[in-house]
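One letter stands for each residue in the lines below.
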Amino acid sequence: MNSSVVLAETRLILRLHRATCTKLISLSPCSQRAHSDNWSHSWTANNRSYSTTGSFSKAIYYFSYHTSNSVNISTGNNICYPNSSYPDNNNQEDFNKAVVADNSDNSVMNLSTVISRLNNFAATSLAESWDNVGLLVEPSPPFEVTNLMITNDLTELVLEEAIEKNINLILSYHPPIFVPLKSLTQRTAKERIIVKCLERRIAIFSPHTSYDAVENGVNDWLISPFVAEGSKVEPLHPVTSKCYATPGRYRVDVIFPIEDTEKIYDQLNCIDGVSQVFRLTVVNTTKFTMNCTDRGLERIVAYVNSSSSEMAQQSVEIITLDKPPIPNHGMGRKCKRKQPITLENAVAMVKQHLQLDHVRLAIGEKCALDSPIKSIAVCAGSGSSVLKGVKVNMYVTGEMSHHDVLDATSRGISVILCDHTNTERGYLHSLKDKFTELFDNKVTIHLSSTDTDPLKIV
Ligand SMILES: [Zn+2]
């Protein structure tokens with residue numbers, strides 16, 4: 001029996017051969033252009049679920065890799081395929097080559113490829129949990145991106161500019177959808193913007209706090225004027241990995257008398273949600289150490305309580321495991337300098353970096369313009385919560401409430417306020433060249449000229 005992949009114009013069917021069975025796996029609806037990167041699918045085979053996003057060749061590779069099956073490919077008649085180099089056997093190297101060939105032959109970039117590269121640049125998982133980041137508006141496929149425009153905020157004025165410039169994808173640093181929308185009418189500017197984007201087939205991506213947290217992101221840019229030789233820079237609030245370093249949230253120690261060690265070891269190993277059970281026998285006792293989930297913890301405690309061992313019941317120790325921090329990623333930044341600068345110098349450096357004629361300055365108690373500044377903390381945008389309690393000589397942020405400024409100055413900390421988006425926009429402008437490279441020169445990067453901070457000093 002031949003295994004085959006038949007690719008039709010709008011439907012991709014994968015016929016999979018195993019030693020004892022043949023299954024038909026349907027991946028549909030497929031992109032109208034068979035070689036498009038712009039689709040994602042999930043399917044089941046051999047009682048397991050799979051999903052993939054990306055090009056046809058990647059799907060085949062993924063499928064082959066995850067099912068360890070022979071996949072032979074024959075092509076249908078209606079295919080618009082960029083090259084005929086797809087493998088006709090299950091050689092993994094051929095699949096890899098096919099993926100490379102597929103990507104290099106594309107002269108355009110599909111939305112899913114652009115989004116995946118943006119995620120490689122800064123993972124949306126770095127964003128704060130309250131945030132709303134990632135692809136917020138996605139027109140129906142197929143969807144190719146040729147013109148991307150970067151803006152701090154997506155206002156109606158910015159959208160008009162995008163339409164004039166034939167933009168396909170707007171990267172709006174602040175998410176234009178934050179509070180969930182209950183309707184898409186002409187009633188509010190936010191709703192009108194989303195309606196118009198869909199009508200004009202414009203996608204919206206918002207990175208927001210993922211760009212704040214990422215290494216070399218907004219906050220590293222904001223603190224960069226103060227970073228000199230020997231300076232130490234670190235995030236104020238490191239982001240942590242989404243997963244625990246070891247399975248489970250807790251580590252539990254419990255000591256039993258040496259009798260029945262084997263039986264207890266086996267029983268602990270059989271508890272759902274318990275993993276990595278270790279035992280250490282010293283004199284007449286055995287200490288068991290294991291990792292567990294929340295449910296596993298309940299079951300361990302129940303198991304110990306049901307035992308007749310008072311020693312075990314009194315010896316239980318529970319340690320909560322922390323998720324590991326991701327080095328150099330996190331909210332806000334702190335810089336400790338070897339050589340101090342004066343407050344007056346610091347103000348001039350901020351003005352020059354942000355290209356501003358004016359900033360607002362609150363001088364800390366017992367400080368003056370010639371006071372030495374050795375440590376600086378920054379937070380792009382609105383800094384109150386991120387900067388709260390941080391002990392340095394000076395804060396730089398976009399905005400802070402009156403009372404938070406007073407709290408800082410009372411602790412001898414000077415505060416420079418630059419207005420919200422002035423602490424963000426310069427970083428976005430620095431992305432133009434980086435993104436041109438990120439998208440292999442296939443996407444023209446525009447910076448919005450109508451996006452400005454709404455507040456002006458008059
Ligand atoms: Zn902001």
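All values derive from a computational prediction rather than experimental measurement. (Residues numbered from 1 in each chain as written. Predicted model: local features only at pLDDT ≥ 70, side-chain atom pairs only at ≥ 80, totals over all residues.)

1. Examining the overall build of the protein chain
Now for step 1: A count of helical and extended segments in the protein chain gives 15 helices and 22 strands.
Now for step 2: Classification of the 458 residues of the protein chain by burial places 34% in the buried group.
Now for step 3: The contacts of the protein chain with a sequence gap of at least 6 include a subset with a gap of at least 24, amounting to 66%. (Helix = DSSP H or I, 4+ residues; strand = E, 2+ residues; numbered from the N terminus. Buried ≥ 20, exposed ≤ 12 C-beta atoms within 10 Å, placed from the backbone. Contact = placed C-beta atoms within 7 Å.)

2. Quick look at the sheet that holds strand E17 (residues 325–342)
Now for step 1: Ordered by their spatial adjacency, six strands build an open sheet running E12-E17-E19-E20-E21-E18, and the pairing between neighbours is mixed. Either end of the sheet is taken by a strand with one partner, and the two such strands are strand E12 (232–240) and strand E18 (360–362). For this sheet the average axis-to-axis angle between neighbouring strands, irrespective of direction, equals 25 degrees.
Now for step 2: In terms of strand pairing, E18 meets strand E21 (residues 414–417) through three bridges, oriented antiparallel. Bridge pairing links Ala362 to Val415 in E21.
Now for step 3: Across the sheet, helix H13 (residues 402–410) lies against E18, strand E20 (394–399) and E21, angled at about 145 degrees from E21, the strand it touches most. (Pairing = 2+ DSSP bridges. Axes fitted to C-alpha atoms, helices over the stretch in contact; angles between N-to-C directions.)

3. Topic: the pairing of strand E14 (residues 274–282)
Now for step 1: Pairing of E14 with strand E15 (residues 285–292) involves seven bridges; the strand directions are antiparallel. Its bridge partner lying in E15, Leu280 is registered against Lys287.

4. Details of the environment of Ile318
Now for step 1: Along the chain, the position of Ile318 falls in strand E16 (residues 317–320).
Now for step 2: Judged by the 13 C-beta atoms lying within 10 Å of it, Ile318 falls in the partly exposed class.
Now for step 3: Placed 29 residues apart in sequence, Ile318 and Thr289 show a C-alpha to C-alpha distance of 9.9 Å.
Now for step 4: Leave out the neighbours within four places in its chain, and Ile318 touches Tyr250, Val252 and Leu297.

5. Considerations on the confidence of the model for the protein chain
Now for step 1: Predicted confidence across the protein chain gives a mean pLDDT of 82, with 77% of residues reaching 70 or more.
Now for step 2: Contacts from residues 1–105, a stretch scored under 50 in pLDDT, to residues over four places away or in other chains number 159 contacts. (pLDDT = per-residue confidence, 0-100.)

6. Side note on the nonpolar core
Now for step 1: Core analysis: the largest hydrophobic core is formed by 66 residues, its most contacted members being Leu169, Ile170, Ile376, Met394, Tyr395 and Val396.
Now for step 2: Per-element tally for this core: the top contributor is strand E19 (residues 372–382), with six residues.
Now for step 3: For this core, the two domains that each supply at least three residues are domain 2 (111–212 + 429–447) and domain 3 (215–238 + 331–422).
Now for step 4: Those residues in contact with Met394, other than ones at most four positions away along the chain, are Leu343, Ala346, Ile373, Ile376, Ile413, Ser414 and Ile416. (Core = buried A, V, L, I, M, F, W, Y, C linked by C-beta atoms within 7 Å. Domains from an automatic or database assignment.)

7. A few points about helix H9 (residues 294–306)
Now for step 1: With 13 residues, H9 should reach 18 Å at 1.5 Å per residue; the first-to-last C-alpha distance of 19 Å fits that figure.
Now for step 2: Those residues of H9 that fall on the buried side of the exposure criterion are Gly296, Leu297, Ile300 and Val304. The arc that holds the buried residues of H9, viewed along the axis, is 100 degrees, so those residues lie on one side. Opposite its buried face, H9 presents the exposed residues Asp294, Arg295, Ala302, Asn305 and Ser306, each directed more than 90 degrees away.
Now for step 3: If you follow the buried residues of H9, they end up packed against strand E13 (250–257), E14, E15, helix H10 (310–315) and E16. (Expected span 1.5 Å × (residues − 1). Arc of directions from axis to C-beta.)

8. A look at the UniProt feature "binding site: a divalent metal cation" (unreviewed entry) in the protein chain
Now for step 1: According to UniProt, the positions carrying the feature "binding site: a divalent metal cation" (unreviewed entry) are His174, Asp212, His420 and Glu424. Taking the farthest pair of C-alpha atoms as the criterion, the annotated set spanning 251 residues converges on one region, since that pair is 13.4 Å apart.
Now for step 2: His174 has contacts with Asn152, Asp153, Ser206 and His208, leaving out every residue within four places of it along the chain.
Now for step 3: With respect to the element layout, Asp212 can be found in helix H6 (residues 209–213). (UniProt positions renumbered as here; feature names shortened; annotations may be inferred.)

9. Things to note about the environment of Val283
Now for step 1: Following the sequence through the fold, Val283 ends up in the loop between E14 and E15.
Now for step 2: The exposure class assigned to Val283 is exposed, which follows from the 6 C-beta atoms found within 10 Å.
Now for step 3: Along the primary structure Val283 and Pro257 are separated by 26 residues, whereas in three dimensions their C-alpha atoms are 9.5 Å apart.

10. Things to note about the sheet that holds strand E22 (residues 444–447)
Now for step 1: The five strands are arranged E7-E11-E10-E9-E22 in an open sheet whose pairing can be described as mixed. The outermost strands of the open sheet, each flanked by one partner alone, are strand E7 (134–137) and E22. With strand direction ignored, the average angle separating the axes of adjacent strands in the sheet is 25 degrees.
Now for step 2: Note that strand E9 (residues 147–151) and E22 share four bridges and pair parallel. Along E22, the bridge assignment pairs Ile150 with Leu447.
Now for step 3: Sheet strands in contact with helix H3 (residues 111–121) are E7, strand E10 (169–172) and strand E11 (203–206), and its direction is about 10 degrees off that of E11.

11. Some remarks on the pairing of E20
Now for step 1: Burial of E20 is extensive: five of the six residues sit out of reach of the surface.
Now for step 2: Where E19 and E20 come together, five bridges link them in parallel fashion. Bridge pairing in E20 links Cys379 to Thr397.
Now for step 3: Both E20 and E21 contribute to a ladder of four bridges, which runs parallel. Along E21, the bridge assignment pairs Met394 with Ser414.
Now for step 4: Note on the crossover from E20 through H13 to E21: the handedness is right-handed. (Right-handed = clockwise from strand over helix to strand, strands pointing away.)

12. Section: the environment of Thr155
Now for step 1: Within the fold, Thr155 resides in the loop between E9 and helix H4 (156–164).
Now for step 2: Using a count of 20 C-beta atoms within 10 Å as the deciding quantity, one classes Thr155 as buried.
Now for step 3: Thr155 sits 296 residues away from Asp451 along the chain, and the two C-alpha atoms are 7.8 Å apart.

13. A short note on H4
Now for step 1: Restricting attention to buried positions, one finds in H4 the residues Val158, Leu159 and Ala162. Buried residues of H4, viewed axially, fall in a sector of 100 degrees; they line one side. Exposed side chains of H4 directed beyond 90 degrees from the buried face belong to Glu160 and Glu164.
Now for step 2: Packing partners of the buried residues in H4 comprise E9, E10 and helix H5 (189–199).

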